[in-house]
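# Reading the structure
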Amino acid sequence: MSIPRRSQVEKKRFSSFTGKGLLEVPSPTEKDWPKDDEGDYVFKDSGQEMDSLPQPYRMINKMVNLLFDQSWKVIQERDALREAELSRIQPVTYPPHVENKLSKMPNCMAVSQDYVFIGGAKGFSIYNLYSAKQICIWEKLKVDVTSIWTTDLGNEILIAPVDEMGMGGAM
């Protein structure tokens, strides 16, 4: 009568838990034990081994994994953008108190203290910043003001309009 041999699975299971070298029986005292590195032993989990799939299924598996990876990247990017959007400090916006209609298209604008200086054709005008009322108009220049530079000088304001030829003057 023949003795049945172990199956391939049993052989594989027993062989996957063996060390690289021969194992010794330890002596009765712990201090006599040899100092073995844990790296000398290889433990394999037989449940982790996967059978390889046939070719069409491997390609489908790769495509599905690629689709999941790309979708996850898109989700992470959107989540990062959403967090950045929420963490940004929202500026306070104030609605306009008064609407002011200008008769001509302005070329330039400058703000200094409580005044708005608007340059246009044939001169510039000064408006109060808070009431939007026109305070003064200079149309004696007879040139188009293309740029206005203003600065505070304590209680006074220096205004430097520049015309289309690059000529400027201080007022």
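Residues numbered from 1 in each chain as written. Predicted model: local features only at pLDDT ≥ 70, side-chain atom pairs only at ≥ 80, totals over all residues. Heavy atoms only, no water.

### Some remarks on the environment of Asn 107
Within the secondary structure layout, Asn 107 lies in the loop between helix 2 (55–87) and strand 1 (108–112). Classification of Asn 107 by relative accessible area gives partly exposed; the value is 42%. Along the backbone, Asn 107 and Ile 148 are 41 residues apart, and their C-alpha atoms lie at a distance of 9.4 Å. Setting aside residues no more than four positions away along its own chain, Asn 107 makes contact with Gly 119, Gly 120, Ala 121, Asp 144, Val 145 and Thr 146. There is a polar contact of 3.1 Å between the side chain of Asn 107 and the backbone oxygen of Val 145. (Helix = DSSP H or I, 4+ residues; strand = E, 2+ residues; numbered from the N terminus. Buried < 20%, exposed > 50% of the residue type's maximum accessible area, 1.4 Å probe, protein only. Contact = heavy atoms within 4.5 Å. Polar contact = N/O pair within 3.5 Å; in protein donor to acceptor, adjacent residues only side chain to side chain.)

### Things to note about the pattern of salt bridges
Using the criterion set out here, one finds one salt bridge in the structure. The salt bridge partner of Arg 88 is Glu 85, with a shortest N-O separation of 2.8 Å. Judged by relative accessible area, which is 43%, Glu 85 ranks as partly exposed. (Salt bridge = Lys/Arg side-chain N within 4 Å of Asp/Glu carboxyl O.)

### Focus on the pairing of strand 3 (residues 123–128)
The element strand 3 is largely enclosed, with a buried count of five among its six residues. By the bridge criterion, six bridges tie strand 2 (residues 115–120) to strand 3 in an arrangement that is antiparallel. Across the sheet, the residue bridging to Ile 118 is Ser 125, located in strand 3. The antiparallel hairpin formed by strand 2 and strand 3 contains two residues in its connecting segment, where Lys 122 sits at a positive phi of about 70°. (Pairing = 2+ DSSP bridges.)

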